[in-house]
Amino acid sequence: MTGHEGDRERTFAALPPAQGRGFAQTWWGRAWLRALEDAALDTGQVKTGRGLARAGAVGAVSVRPGRITAVVQDRDRTTHRADVLLAELPAEQWDRLLDMAVERAGHVAALLDREMPPHLVEDAASAGIELLPGLGDLEPECDCGAWDHCGHTAALCYQVARLLDQDPFVLLLMRGRGEHALLEAIQARGAASAEEAPEPEGVDAAEAYAAGGILPPLPAPPELPEEPGLPPSLDTEAPPGPGVDPVAVRHLAARTAVEAHRLLAVALRQPSEPLPPAPELTAAQDAVRLAVAAPDQALTERLAGGSGRDPRSLADATRAWELGGADALSVLEEEWEPSGGALARARAALDSAWDEDGRPSLTAGGNRWTVVGAPAQVRLGRDGRWWPYREEGGRWMLAGPAALDPATALASAEFVSAEPQR
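If you're wondering where the values come from, they're calculated on a predicted model, not measured in any experiment. (Residues numbered from 1 in each chain as written. Predicted model: local features only at pLDDT ≥ 70, side-chain atom pairs only at ≥ 80, totals over all residues. Heavy atoms only, no water.)

### Some details on empty space enclosed by the protein
Applying the stated criterion to the full structure yields 2 cavities of 30 Å³ or more. Approximately 70 Å³ is the volume attributed to the largest cavity. Around the largest cavity, the lining residues are Trp-94, Leu-97, Leu-98, Ala-101, Leu-111, Leu-120, Leu-172, Leu-182 and Ile-186. When contributions to the lining of the largest cavity are tallied by element, the ones reaching two or more residues are helix H3 (91–103) and helix H8 (179–196). Examining the composition of the lining of the largest cavity, we find that 4 residues originate from one element, H3, more than from any other. Looking at side-chain class alone, the lining of the largest cavity contains 9 nonpolar, no polar and no charged residues. Its boundaries defined by the atoms lining it, the second largest cavity holds a volume of some 30 Å³. What lines the second largest cavity is simply Asp-316, Arg-319, Ala-320, Leu-332, Met-397 and Leu-398. Every element with two or more residues in the lining of the second largest cavity is listed here: helix H13 (311–333) and strand E11 (395–398). With 4 residues, the single largest contributor to the lining of the second largest cavity is H13. (1 Å grid on protein atoms, 1.4 Å probe; cavity = no way out; pocket = protein on both sides within 12 Å on 5 of 7 lines; lining within 4 Å. Points joined across faces, edges and corners; volume = space filled by probe spheres on them. Helix = DSSP H or I, 4+ residues; strand = E, 2+ residues; numbered from the N terminus. Nonpolar A, V, L, I, M, F, W, Y, C, P; charged D, E, K, R; others polar.)

Shown next, in the form of structure tokens:
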């Protein structure tokens, strides 16, 4: 970036030729490109623009509210001024968007880290505010005379996708607000909200800190055992009471020890490590957890009946649990329809995961994408991760742990499918 004039225009120096296969590495950058690729009537011009951008033919990019501009050099070395227009948000929508940002401080923190928080986009869409461009929102203007997207405006869009990867404030400036003005408005609203808030109850922080010296220091935390502990032996001379199954009690104690070991690992984690969300399991989910390493068939059948499954489906569920816990189990048993921001991110991930020559033919059904003519499938979890599946005996089986992109997940499913079945 060469600088910005005030807060209403930013100029970015020409980027070097793009190396590698993709222009957009972030979900919001890929959504930007999808708005171009879905709306362009001439896919050949889009391909030409991608080639020009990859070759470094796009000059410095100027970003202003409602417009981006650059000079693009054609393959014959002629130059053209290319503009792409994106409608600014009206003042009323900006007011609502600022209120959302103040209510959720994480939105502002993510933007300052140059991340576009998905919840901000989804919350805004729920309120009728479209931050990311949709079909037909990117309007082209070029002095080459084309009335639709030409290679020059397409090249500009591909270059801007790289800028958006680096700084989502570029998108917000196109929508009408510069970074400094936006942050000042959020700060002012936050200060006004703080003045209106009631006086908090509690102990003054300085007093609490001063009293801390009279307390003994906390003991050092214990070391995490390498393995879960063994439950006490049930081998006694006393016979079990009516309705007590010693095998089930022994297994329940062993699974409780495993869960206690997991909870201790969470408690002893380093402060810098993110805290895994604590699962709130249903009875059917907990039955699957308990079925892991079940010692005999009778207990397995009992857990299957208690969870509303037959032994075969319980075996599938148990395998999913071992590979990914409650998240993997939900993906196995729940089919859902991605929509809004989730659908946009999924499509962008699928579009950018492979080179054009290596992209498989997929059929979509809900959150599941199946390879045409092959027993392989990827499923999208609600957390945005992709899970590999393979078909065995007419059933879809989880083939491995989740991956962050569909290509990696599908490669895992295809690798397992290619192995000889025993």
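### Section: helix H2 (residues 43–54)
Counted at 1.5 Å a residue, the expected span for H2 with its 12 residues is 16 Å, and the 16 Å between its end C-alpha atoms agrees. Among all positions of H2, only Val-46, Gly-49, Arg-50, Leu-52 and Ala-53 are buried. All buried residues of H2 lie within an arc of 165° about the axis, which places them on one face of the element. Elements that come into contact with the buried residues of H2 comprise helix H1 (27–39), strand E4 (67–73) and helix H6 (151–166). One or two steps after H2, the chain reaches Gly-56, where phi turns positive at roughly 80°. (Expected span 1.5 Å × (residues − 1). Buried < 20%, exposed > 50% of the residue type's maximum accessible area, 1.4 Å probe, protein only. Arc of directions from axis to C-beta. Contact = heavy atoms within 4.5 Å.)

### Structural notes on the nonpolar core
Counting residues in each nonpolar core, the largest one holds 59 residues, and the members touching the most others are Trp-32 and Met-174. Looking at which element gives the most residues to this core, the answer is H6, with 9 residues. Those residues in contact with Trp-32 that sit more than four places away from it in its chain are Ile-68, Leu-86, Pro-133, Leu-138, Cys-157, Val-160, Ala-161, Leu-164 and Met-174. If you look at the next biggest cluster of nonpolar residues, it comprises 21 residues, including Ala-248, Val-288, Leu-314 and Leu-398. (Core = buried A, V, L, I, M, F, W, Y, C linked by side-chain atoms within 4.5 Å.)

### Description of the packing of aromatic side chains
Inspection of every chain in the model, using the stated rule, returns 3 aromatic pairs. Between the aromatic rings of Trp-27 and Trp-28, the centroid separation amounts to 5.9 Å while the plane-to-plane angle is 90°, which identifies the pairing as edge-to-face. Grouping residues by exposure puts Trp-27 and Trp-28 together as buried. When the ring centre of Trp-27 is taken as reference, the NZ or CZ atom of Arg-345 above it lies at 5.0 Å. The cationic tip of Arg-379 hangs over the ring face of Tyr-389; the distance from NZ or CZ to the ring centre is 3.9 Å. (Phe/Tyr/Trp six-rings, centres within 6.5 Å; stacked < 30°, edge-to-face > 60°. Lys NZ or Arg CZ within 6 Å of the ring centre and 35° of its normal.)

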